[in-house]
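If you want the building blocks of each chain, they are given just below.
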Amino acid sequence: MEENNILGVILAGGKSKRFGEDKNQIKLGDKTLLEHVLYKITDKFKEILIVTNHTLKIQKKENIIIIPDCLNDLGPLAGVLSSMKWVKENDKSYKWIATFP
């Protein structure tokens, strides 16, 4: 399996109800939780999608694309569907999607 045939997808569209505040902006040490995930996976994938309905404060990079959920309030599978639609609409050749919370 070729790494460049896998799309990295961060599912960041949740409401964080149980957490109490937006998990994407919470800091753990000197980075937000989202930045920790990006740090771990950025060099592993040709492109990374972040599926969210929030305004994110992240450093823009060429291989990181932020898209909205195609359906609101339907949980993480809506984020997976959103990424699958993005692949099709943008004529990408990814055969696999690796998701990260």
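Shown above is the structure to which this text applies.
Residue indices follow the written sequence of each chain, beginning from 1 at its first position. Per-residue local features are limited, in this predicted model, to residues with pLDDT of at least 70; the limit for side-chain atom pairs, both in listing and counting, is 80 or more; totals at the level of whole chains, interfaces and linings are taken over all residues. Hydrogens are left out, water is left out, and the side-chain values use all remaining heavy atoms of the structure.

Caption draft 1: Highlighting the overall build of the protein chain. Scanning the protein chain from terminus to terminus reveals two helices and six strands. Mapped in sequence order, the helices and strands of the protein chain form the string β-β-β-α-β-β-α-β. Relative to its full complement of 101 residues, the protein chain shows a buried share of 35%. In this description, accessible areas are obtained by the Shrake-Rupley approach with a 1.4 Å probe, and a residue is regarded as covered only by the protein chains that are shown. Carbon together with sulfur atoms contributes 53% to the accessible area of the protein chain, which is approximately 7,000 Å² in total. Every helix listed is a DSSP run of H or I at least four residues long, and every strand listed is a run of E at least two residues long, numbered separately from the N terminus. Only protein chains enter the calculation, and the probe is 1.4 Å; a residue is then buried if its accessible area is under 20% of its type maximum, exposed if over 50%, and partly exposed in between.

Caption draft 2: Quick peek at a nonpolar patch on the surface. Two distance rules govern patches: like charges are joined within 9 Å, and nonpolar side chains (Val, Leu, Ile, Met, Phe, Trp, Tyr) within 5 Å, applied only to residues with over 30% relative accessible area and no salt bridge. Salt bridges are defined by distance alone: a side-chain nitrogen of Lys or Arg within 4 Å of a carboxyl oxygen of Asp or Glu. A cluster of nonpolar residues, Leu 71, Leu 74 and Leu 81, forms a patch on the protein surface that exposes about 250 Å² of accessible area. Inspection of the secondary structure assignment puts Leu 81 in helix H2 (residues 76-89).

Caption draft 3: Broad picture of the sheet that holds strand S6 (residues 96-100). Any two strands are treated as partners once DSSP identifies two or more bridges connecting them. The strand order across the open sheet built from four strands is S5-S4-S1-S6, with neighbouring strands paired in parallel fashion. Pairing within the sheet leaves two strands with one partner each, and these edge strands are strand S5 (64-67) and S6. Pairwise comparison of adjacent strand axes, ignoring direction, gives a mean angle of 25° for this sheet. When strand S1 (residues 6-11) meets S6, the two strands line up parallel, connected through five bridges. For Ile 10, the partnering residue across the bridge sits in S6 and is Phe 100. H2 rests against S1, strand S4 (48-51), S5 and S6 of the sheet, and its axis sits at about 140° to S1. Angles here are taken between N-to-C directions and fall from 0 to 180 degrees, while the axes themselves are lines fitted to C-alpha atoms, restricted in helices to the stretch in contact. Working rule for contacts: check all heavy atoms of both residues, and any pair within 4.5 Å makes them a contact.

Caption draft 4: View of the side chain of Asn 63. Structurally, Asn 63 can be placed in the loop between S4 and S5. Look past the residues within four positions of Asn 63 in its chain and what remains in contact with it is Thr 42, Phe 45, Lys 46, Glu 47 and Ile 48.

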